[in-house]
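# Close look at the chain arrangement
Spelled out from the first residue to the last, the chains are:
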Amino acid sequence: MKEQSLQQKVTEILETADVKINGPDLWDLQVHNDGFYKRVLTQGTLGLGESYMDGWWDCERIDEFAYKVIRADLYRQAKFGWKTVVQMLLAKVFNMQAKGKAARNAQRHYDIGNKLYKLMLDKHMAYSCGYWKGADNLDQAQENKLDLICRKIRIQPGQRVLDIGCGWGSFAKFAAERYGAEVVGVTVSKEQAALGREMCKGLPVEIRLQDYRDVNETFDHVVSVGMLEHVGYRNYRTFMKTAARCLKDDGLFLLHTIGHPFSKTSADPFTDTYIFPNCLIPSLKQLGAAMEHVFVLEDLHNFGPYYDPTLMAWFRNFDHNWDQLKGDYDERFYRMWKYYLLSSAGSFRARNNQLWQMVLSKKGVLGGYESVR
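Note on numbering: residues in each chain are counted from 1, in written sequence order. This being a predicted model, a pLDDT of at least 70 is required before a residue's local features are given, and a value of 80 or more before pairs of side-chain atoms are given or counted; all residues contribute to the totals for chains, interfaces and linings. As a rule here, side-chain values cover all heavy atoms of the structure and leave hydrogens and water aside.

### Some remarks on helix H1 (residues 3-15)
Segments assigned H or I by DSSP are reported as helices when at least four residues long, segments assigned E as strands when at least two residues long, and all are numbered from the N terminus. By definition here, a helix of n residues has an expected span of 1.5 Å times n minus one. For H1, with 13 residues, the first-to-last C-alpha span of 18 Å sits near the 18 Å given by 1.5 Å per residue. Relative accessibility thresholds used throughout: buried, under 20% of the residue-type maximum; exposed, over 50%; partly exposed, between the two (1.4 Å probe, protein chains only). Every buried residue of H1 is accounted for by Leu6, Val10, Thr11 and Leu14. Axial view of H1: buried residues confined to an arc of 135°, hence all on one face. More than 90 degrees from the buried face of H1, the exposed residues found are Gln4 and Glu15. By construction, the arc corresponds to the directions joining the helix axis to the C-beta atoms.

### Quick notes on the sheet that holds strand S5 (residues 205-209)
Strand pairing is assigned whenever DSSP detects at least two bridges linking the two strands. Pairing in this open sheet of 7 strands is mixed, and the strands run S5-S4-S3-S6-S7-S9-S8 from one edge to the other. Edge strands, defined here as strands with exactly one partner in the open sheet, are S5 and strand S8 (296-302). In this sheet, adjacent strand axes meet at a mean angle of 15° when their direction is disregarded. Note that strand S6 (residues 219-225) and strand S7 (residues 247-259) share 6 bridges and pair parallel. Paired with valine 225 across the two strands is histidine 256, which belongs to S7. By the convention used here, residues are in contact when the closest approach between their heavy atoms is within 4.5 Å. Here the axes come from fitting lines to C-alpha atoms, over the contacting stretch only for helices, and the angles between their N-to-C directions go from 0 to 180 degrees. In the packing of helix H11 (residues 236-245) onto the sheet, contacts are made with strand S3 (160-164), S6, S7 and strand S9 (354-361), and the angle to S7 comes to roughly 145°.

### Points about unusual backbone geometry
In this model, aspartate 73 sits at a positive phi of 65°, which is unusual for a non-glycine residue. Tracing the backbone shows aspartate 73 in the loop between helix H3 (62-71) and helix H4 (74-77). Look at arginine 154: it is not a glycine, yet its phi comes out positive at around 60°. Secondary-structure assignment places arginine 154 in the loop between helix H8 (138-152) and S3.

### So, the side chain of asparagine 353
Considering the arrangement of structural elements, one finds asparagine 353 in the loop between helix H16 (331-349) and S9. Excluding residues that lie within four positions of it along the chain, asparagine 353 makes contacts with Ile258, Gly259, His260, Ile281, Ser347 and Phe348.

### Regarding the nonpolar core
As used here, the term nonpolar core means buried Ala, Val, Leu, Ile, Met, Phe, Trp, Tyr and Cys residues forming a set that is joined through side-chain atoms within 4.5 Å. Ranked by size, the top nonpolar core spans 96 residues in total, and within it Leu29, Trp57, Tyr127, Phe318 and Trp337 carry the most contacts. In this structure tryptophan 337 touches His109, Ile112, Leu116, Tyr117, Met120, Tyr127, Ile275 and Phe318, once residues within four positions along its chain are discounted.

### Examining the environment of serine 189
Residue placement: serine 189 occurs in the loop between strand S4 (182-187) and helix H10 (190-199). Of the residues examined, serine 189 reaches a relative accessible area of 1% and is grouped as buried. Along the primary structure serine 189 and aspartate 250 are separated by 61 residues, whereas in three dimensions their C-alpha atoms are 31 Å apart. If we skip the residues at most four places from it in the chain, serine 189 touches Tyr110, Asp111 and Leu209.

### Some words on the packing of H8 against helix H9 (residues 170-179)
Two numbers describe how H8 lies on H9: the axes approach to 10 Å, and their chain directions differ by 65°. Taken together, the axes of H8 and H9 lie roughly perpendicular to each other. The two elements H8 and H9 cross, and the hand of that crossing is right-handed. Judged by residue contacts, Glu143, Leu146, Asp147, Ile149, Cys150 and Arg151 of H8 engage Ser170, Phe171, Phe174, Ala175, Arg178 and Tyr179 from H9. For the contact of H8 with H9, the residue count by class is 7 nonpolar, 1 polar and 4 charged. An angle counts as roughly parallel when it lies under 35 degrees, as roughly antiparallel when it exceeds 145, as roughly perpendicular when it falls between 65 and 115, and as oblique in every other case. Throughout, a crossing is termed right-handed when the near helix is turned clockwise from the far one, and left-handed when it is turned anticlockwise from it by less than a right angle. Here the nonpolar group is Ala, Val, Leu, Ile, Met, Phe, Trp, Tyr, Cys and Pro; Asp, Glu, Lys and Arg are the charged ones; every other residue, Gly included, is treated as polar.

Here's what the structure looks like:
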């Protein structure tokens, strides 16, 4: 296909989402390299993201561009290049989140430098969706979320809580300080474990460098916040059984995860290649099957729209602090991270992705569970 025909094809596709090539609106694409058209048509979302990283196009509001094309279902129509097809096939054949691989997957994202995350996140260093009800800033939204979790599982002073995928210890620190809990957090990221121990010093908190599958103790409650996206569909059942094994019969398990409206077995090609290797967003169907004969679903809370302002706040922090970071990362990383944060915000704005908090019990709460909001 000739270059002019390729450009016309891309133009026609984008017009259905009210996006123009070299147009006047903030969400329009400004194309600098004519190779962009073939790259996008043959490589889909991977080619779109990579070509932005390479400076082949720009856009004043990537979040609005992503919102428009996702809301118009253009992402679903995207073709996949051979690299993406190979990755999809590998995900079907192999367990991409097996024990040995899980640590390597985490290291490629969470071990790229604590300085980046300190400057991007809130004061608690919570790297998951904030709860913006009654909040007008990121710190308050994240504090709301941490408090919401504590209230949902009804933490009492002195109770032991397991945090699967504890990150830098934001929940552990909050639950120990505000609710008098004793918390054990597990992560496979060395950088997270090191900083988490420093942040929780002097509190009844233990941060372990440990795979969740190796935990074999009993706790009053279990939480997992923003971890399930790294577990993989082949391991959902094991994940649920592990949480149940570690939970007392009368305890509660809170699961906080990004969710997808239909089941997939492989991730978005760009996200998988550059941001979260071997990640996978679960569907309710997949989670429901994994928890059969293991858990009773007491409460399901969807506050996916709150991820939009969370991601926009992270981007503003990242962008504002870039001068402090650019000595450690190059310009291509800046464009990659910008594209990741803003396109993700657009995806949640378009309601393509959800954010679910589930409260689960082993045998059902007698008399019923009263939902907390």
